[in-house]
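Now for the letters of each chain:
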Amino acid sequence: MMGFKKRAISLGVALATAGVAHVTAAQQVAQSDAQASAQTADQATGQTTGQASDASAAQPAAGTGAAQTQNGAAPVETLPAVTVSATRPAGTLAPAYAGGQVATGARVGFLGQRDVMDTPFSVTSYTSDTIANQQARDLSDVLDNDASVRNVWGQGSYTNVFKIRGFTVWSTDVSWDGLYGVLPLALIGPDTAERVEIIHGLTGLLSGISPTGGIGASINVEPKRATDAPITSVTLDYMSDSTFGTHVDVGRRFGDENQWGIRFNGTFRDGDTSTTDQSQRLGDAVLGLDYRGNGFRASLDAGYQNDKFDAPVQPVYADAGISIPAAPKATDNFYPSWSYYKAQDTFAAAHAEYDLSSNWTAFAAVGERTTQVQQLATQPTLTSSTGDTAINPYFWAQRQDTYTATTGIRGNFDTGPVNHQFTVSGSYYHQEGGSSIAFPGAVSSNIYNPASLPAPNSDTFAFSTPTTSILRDSSLAVADTASILDDRIQFTAGVRDQRVNSDGFSATTGAPTTHYNETRWTPAFALLVKPIENVSVYANYIEGLQQGPTAPAGTVNAGEVFAPYVSKQVEVGTKVDFGRIMATLAVFQIEQPSGLTNPTTLVYSVDGDQRNRGIELNVVGEAAKGVRVLSGITFMNGELTNTGNAKTQGNTAPGVPHTMANLGGEWDVPFVPQLTLSGQMVYTSAEYLDNANTQQIPSWTRFDVGARYVFYRANGKPVTIRANVENVFNRAYWGNADATYGLALGAPRTFLLSAQFDF
C-alpha cells in the first residue's frame, strides 16, 4: 500500500469442482458488507478485521483431500487451500465491520488511515449506512450513538456543541477530510459524509490545536466519493410537524480505468418542527471531484449551505442559588417566535497525494470557508425555581473567514527487525472574525407559561461585521511507529511544535485590544501489544493544547492574555475482535487547567484544574445472523481538583454525569424478508450545573425506535422506506448541564419518514 505499511490479509479459499463457486477474498468482504455503502463495497478488496462471510462458511472444509458427496451427486474432491493476499489500495477507506454500522479503521490525524486494531486510542467510525438508516439530520444525530457524547446546545438548535468525556467540543472543531476550518460554522449536515470518525480524548499530536480548543475528542468527516458502480439516489423525507425535504446523491466515474470521479450531494428541508412556533429551512450542496491514477491521487470539494431557524432552541442559564425547575415540555416553545438564526457558508478543499516510491508518499491539502451570520437571539436566565425567566434579546452579526493548509510526507522503512512508519507534517490555520452585537433590553417570561413579547426593532442595527479577531495557528509535527514481530508490538512516539498567534480588536474603533504569540510542545507516546491476533492491548500518554484565556473585567489584571495551556491524558485499553463482534474497553484520566480569580487579591490566573476519570465500554457488530448491536456505557468521575476556594475544592465538576449508556440494536425480521426493526435507549445520570454543587438536573432516559423496509421495482432497483420515532414517550428533560453554556433542553417526540429511490 503506497504511503502506508503493507498489511496482508490471508484468506483460505476453498476450490471445488462440479459447479462449486470460487469465492475470492474480495467477494467475501463484499458479501459480509452487503448492507454497507456503495463506496465501502467498492473498496472492499482490502483489509478487514475479523470478517467472515456466510458464503465462505458454507464451503466444504479445505485441505482434507477427502471425497465429499453433495445432494447425492458424484463425490467431489476438495483441493488444497489457496492463500490470497491483498492490500487496501492507497487513498481508500477501510471497509465496514460486520453489520455495516461502523468501519474497521479511521483517520488518526496526520498519521493517516489506521486499522482500529492497530490504533492505540479509542476510535469509532460511523458509516454512511448508519447515517442514512437513522435519518440523521445533523452531526448530533450521528454522535447520539456514542455513550461518551452528549449534546450541549439541545436538539432543534442551529449549532452543534458536544460534551465528550466531560469536555466541550464545538462544531468548529470538526475537520473535513483532516482539515479544520472547512465545514460550516454552526450546523453540520451528515448527508455528504461517507464516515463520521471520532477519536475520544486528547489529540494534540495527531490533529494539533483545534480552532476553539476542544479537548474532549477529535471529530472528522470523510466525504463521499464516486464509486465504480454508478450512483443515482433520490430521498424524499418528512419530519413532524410539517417539515418536508429532498436529498439527491449522484456519482459517476470516467476514464479508461475509472480514474476520474464526480459525486454530488444536495439537501433541501423546510417546514415546522414538533415544537410550537418553531420552523427550519436548510439547504446544502456539495460537489466532489477526484482523480486516482498510478501513484497520484487528488480531490476537490466545493460546497454551499444556507440555514434559517425560527424560534430555535438555545441554552437556558440559571441564577445562582435557585433550585433548577423541571424541564418544560419540549413541544411547548418558550422561546419567542420572532427569534431567528440565519447563516450562509461557502467552503472548498483540495487534497493531493503522490507516491514518491513504493514506501513513501507526499501529501498536501488546502481549504477555506466564508461564513455570514445574522441572528436575533434570546438568552433566557432562570430567576426562580418556578420557571420565571429574564430574557435578554440581542442582535448578533458575525463573519468568519478561514484558510487552512497542511503538507507532509509519510512512509515506512526497516532498521534490522524493526519496521518504522514515519510521518512528518506541517500545518497552518488562519481565521479572521468580525462581529457586532446590540442588546435592546431585557424582558420577563416563564418557561411554563411564556409571555407574549413584542419583537425588538432591528432598524437601528446595521448587522455590520468589523474585524474583531485574527487567529493564526501553525505547527510542525513528527511521529514514528516502530513495530516488531509482524506488528505484534508497536510503539508510537511523536511531538508537535504548536504556535498560537492571536490578536483582538475593538469593534467600534478597530484598535488592538489583546495580543499574544506563544509556542508550546505537545508530545505523545503510545504502546500497542497484540498477545494474540484478535486482541490489542494499548496505553497512551498524550497532551492537548487550548488557547489561553483573558483575565475578565473586575480583576486586578483585567485584559491580560495568558499563554496556551496544556491538558494531559493517560489512557489504557483493550480491543477484542471476536470475528463478528468487537468489544473495546478504555480507562482514562484527563487533567485540564482553567482560569480562576483569587477571592482575596482579585488576581486572575490559570491555576485552576479539573480532572476527569472514566471507563468506556463499547460493543459493535453482528451478534447473530440478522441481529446487530451498537451499544456502549461510560462511567466518569469529574473532580474540581483546584478551584482556589475551599467551598468548591474537590467538588464534582459541572456537566460531568457519573453514568451514560447507549443501548442500540437492529433486527432483520426473519418472517418478513427485507424488514428491519431498530431501537435505542439513551440514559444519562444526574449532573451539577454549578461548581458549588447546589444546582442539579435529574437523570433522564430516552427511547427511540425505527423500522425500514426494502422492496424492488420491476427494473430491479431498490426502494428503501424508513420510519423512526425519537423520544417515543415524549419525555421532558434537561439533556445537559454546563457551568458555561447552561442547560440544554431535550428534544420532543419527533416522527421521521423517508423513501429512498435508487436508479
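Residues numbered from 1 in each chain as written. Predicted model: local features only at pLDDT ≥ 70, side-chain atom pairs only at ≥ 80, totals over all residues. Heavy atoms only, no water.

Visitor: Can you walk me through the overall build of the protein chain in this structure?
Guide: From N to C terminus, the protein chain includes six helices and 43 strands. Here the protein chain holds 759 residues, and 57% of them are scored as buried. For the protein chain, the proportion of contacts with a sequence separation of at least 24, taken over those separated by at least 6, is 68%. In the form shown here, the protein chain has an accessible surface area of approximately 29,300 Å², with 58% of it arising from carbon and sulfur atoms. (Helix = DSSP H or I, 4+ residues; strand = E, 2+ residues; numbered from the N terminus. Buried < 20%, exposed > 50% of the residue type's maximum accessible area, 1.4 Å probe, protein only. Contact = heavy atoms within 4.5 Å. Areas by Shrake-Rupley, 256 points an atom, 1.4 Å probe, with all protein chains shown as cover.)

Visitor: I'm lost on the sheet that holds strand E22 (residues 380-382) in this one. Help?
Guide: Read across the sheet, four strands follow the order E19-E22-E23-E26 without closing on themselves; strand pairing throughout is mixed. The open sheet has two edge strands, strand E19 (317-318) and strand E26 (443-446), and neither has a second partner. Summarising the sheet, E22 and strand E23 (residues 388-391) pair through three bridges and their orientation is antiparallel. Residue pairing for E23: Thr-381 is matched across the bridge by Ala-390. (Pairing = 2+ DSSP bridges.)

Visitor: How should I be thinking about the pairing of strand E16 (residues 260-273) in this particular structure?
Guide: Two faces make up the sheet, and in a regular strand the side chains alternate between them. Taken together, the 14 bridges between strand E15 (residues 241-254) and E16 define a ladder with antiparallel strand orientation. Residue pairing in the sheet places Gly-245 in a bridge with Arg-269 of E16. Between the antiparallel neighbours E15 and E16 lie five residues, among them Gly-255 with a positive phi of about 105°. Here 13 bridges tie E16 to strand E17 (residues 279-292), and the two strands are oriented antiparallel to one another. Within the sheet, the bridge partner assigned to Ile-262 lies in E17 and is Leu-289. In sequence, E16 turns back onto E17 through a hairpin of five residues, with Asp-277 there showing a positive phi of about 65°.

Visitor: Help me understand the sheet that holds strand E13 (residues 217-223), please; the structure alone is not making it clear to me.
Guide: Sheets are built from strands paired through backbone hydrogen bonds, the pairs being either parallel or antiparallel. Spatial strand order, E7-E12-E13-E11: four strands in an open sheet with mixed pairing. Of all strands in the sheet, those bounded by a partner on one side alone are strand E7 (123-127) and strand E11 (174-176). On average, each strand axis in the sheet is tilted by 20° relative to the strand beside it, whichever way the strands run. Bridge analysis of E7 against strand E12 (residues 193-200) gives five bridges, and the strand direction is antiparallel. Looking across to E12, one finds that Thr-127 is bridged to Arg-195. (Axes fitted to C-alpha atoms, helices over the stretch in contact; angles between N-to-C directions.)

Visitor: Which parts of the structure should I look at to understand a nonpolar patch on the surface?
Guide: On the surface, Phe-254, Trp-260, Ile-262, Phe-264, Leu-287, Leu-289 and Leu-300 cluster together into a nonpolar patch covering about 610 Å² of accessible area. Elements with a contribution of two residues or more to the nonpolar patch: E16 and E17. Turning to its location among the elements, Leu-289 is positioned in strand E17. (Patch = residues over 30% accessible without salt bridge, like charges linked within 9 Å, V, L, I, M, F, W, Y side chains within 5 Å. Salt bridge = Lys/Arg side-chain N within 4 Å of Asp/Glu carboxyl O.)

Visitor: How should I be thinking about the environment of Glu-622 in this particular structure?
Guide: Residue placement: Glu-622 occurs in strand E33 (residues 604-624). Separated by 41 residues in sequence, Glu-622 and Ile-581 have C-alpha atoms that sit 5.8 Å apart. Other than its neighbours up to four places away in sequence, Glu-622 contacts Ala-98, Gly-99, Arg-580, Ile-581, Val-627 and Arg-628. Of note is the side chain of Glu-622, whose polar atom sits 2.6 Å from the side chain of Arg-580. (Polar contact = N/O pair within 3.5 Å; in protein donor to acceptor, adjacent residues only side chain to side chain.)

Visitor: Can you walk me through the confidence of the model for the protein chain in this structure?
Guide: Any segment with low pLDDT has predicted coordinates that should not be analysed in fine detail. Counting all residues, the mean pLDDT for the protein chain is 88, and 88% of those residues have values of 70 or more. For the protein chain, strand E1 (residues 11-13) is the element with the lowest average pLDDT, namely 32, and strand E36 (residues 675-684) is the one with the highest, namely 98. The low-confidence segment residues 1-76, where pLDDT is below 50, has 169 contacts with residues more than four positions distant or belonging to other chains. (pLDDT = per-residue confidence, 0-100.)

Visitor: For this particular structure, what's the right way to read the packing of aromatic side chains?
Guide: Aromatic ring pairs are reported here in terms of the distance separating the ring centres and the angle at which the planes meet. Under the counting rule described, the total for this entry stands at 18 aromatic pairs. The interplanar angle of 55° and the centroid separation of 6.3 Å between the aromatic rings of Trp-153 and Tyr-741 together place this pair among those described as tilted. Linking Trp-153 in the loop between strand E8 (149-151) and strand E9 (161-164) with Tyr-741 in the loop between strand E41 (734-738) and strand E42 (742-745), this pair joins segments that are 588 residues apart in sequence. Since its relative accessible area comes to 9%, Trp-153 is described here as buried. Between the aromatic rings of Tyr-291 and Phe-296, the centroid separation amounts to 6.1 Å while the plane-to-plane angle is 45°, which identifies the pairing as tilted. According to the relative accessible area criterion, Tyr-291 is partly exposed, its value standing at 24%. Members of the aromatic cluster, each reached through a chain of ring pairs, are Trp-153, Trp-170 and Tyr-741. We note Arg-165 situated over the ring of Phe-588; from NZ or CZ to the ring centre the distance is 4.0 Å. Stacked on the ring of Phe-759, the Lys or Arg Arg-713 has its end atom at 5.0 Å from the ring centre. (Phe/Tyr/Trp six-rings, centres within 6.5 Å; stacked < 30°, edge-to-face > 60°. Lys NZ or Arg CZ within 6 Å of the ring centre and 35° of its normal.)

Visitor: How should unusual backbone geometry be read in this particular structure?
Guide: One can expect most non-glycine residues to show negative phi and most peptide bonds to be in trans. With an omega of 15°, the peptide bond between Ser-240 and Asp-241 qualifies as cis. If you trace the backbone, Asp-241 turns up in strand E15. One non-glycine residue, Asp-277, lies in the positive phi region at around 65°. With respect to the element layout, Asp-277 can be found in the loop between E16 and E17.

Visitor: Mind showing me how you'd approach the nonpolar core here?
Guide: Nonpolar side chains in soluble globular proteins tend to be buried together. Of all hydrophobic cores here, the largest spans 57 residues; its most connected members are Leu-139, Leu-143, Ile-164, Val-196 and Ile-219. Sorting elements by how many residues they give to this core places E12 first, with four residues. In this structure Val-196 touches Thr-124, Ser-125, Tyr-126, Ile-131, Leu-139, Val-142, Leu-143, Ile-219 and Asn-220, once residues within four positions along its chain are discounted. Counting residues in each nonpolar core, the second largest holds 16 residues, with Val-313, Ile-322, Tyr-335 and Leu-743 among its members. (Core = buried A, V, L, I, M, F, W, Y, C linked by side-chain atoms within 4.5 Å.)

Visitor: I'm lost on the environment of Ile-188 in this one. Help?
Guide: With respect to the secondary-structure elements, Ile-188 resides in the loop between E11 and E12. Along the primary structure Ile-188 and Tyr-158 are separated by 30 residues, whereas in three dimensions their C-alpha atoms are 9.5 Å apart. Those residues within four positions of Ile-188 in sequence are excluded, and the remaining contacts are Asp-138, Leu-139, Asn-160, Ser-171, Val-174 and Leu-183.

Visitor: What exactly am I supposed to notice about the pattern of salt bridges here?
Guide: Any two side chains of opposite charge can pair if their charged atoms end up close together. Counting across every chain of the model gives 30 salt bridges. Of the charged contacts, one joins Lys-163 and Asp-738 as a salt bridge, the two residues approaching to 2.7 Å between their closest N and O atoms. With Lys-163 in strand E9 and Asp-738 in strand E41, this residue pair connects regions lying 575 residues apart in the sequence. Each member of the pair, Lys-163 as well as Asp-738, carries the same accessibility label: buried. Residue Arg-472 is joined to Asp-503 by a salt bridge in which the shortest nitrogen-to-oxygen separation is 2.6 Å. Here the residue Arg-472 occupies a position in strand E27 (residues 467-484), and Asp-503 occupies one in strand E28 (residues 489-505), the gap between them amounting to 31 residues. Residue classification places Arg-472 among the partly exposed residues on the basis of a relative accessible area of 23%.

Visitor: Looking at this model, I keep getting lost on the environment of Gly-650. Mind explaining?
Guide: With respect to the helices, strands and loops of the structure, Gly-650 is situated in the loop between strand E34 (627-642) and strand E35 (659-668). For Gly-650, a relative accessible area of 39% translates into the label partly exposed. With residues near it in sequence (within four places) discarded, Gly-650 still touches Glu-639 and Leu-640.

Visitor: So what exactly am I meant to see when it comes to the side chain of Ser-171 here?
Guide: Within the secondary structure, Ser-171 sits in the loop between strand E10 (167-170) and E11. Look past the residues within four positions of Ser-171 in its chain and what remains in contact with it is Thr-159, Asn-160, Leu-185, Ala-186 and Ile-188.

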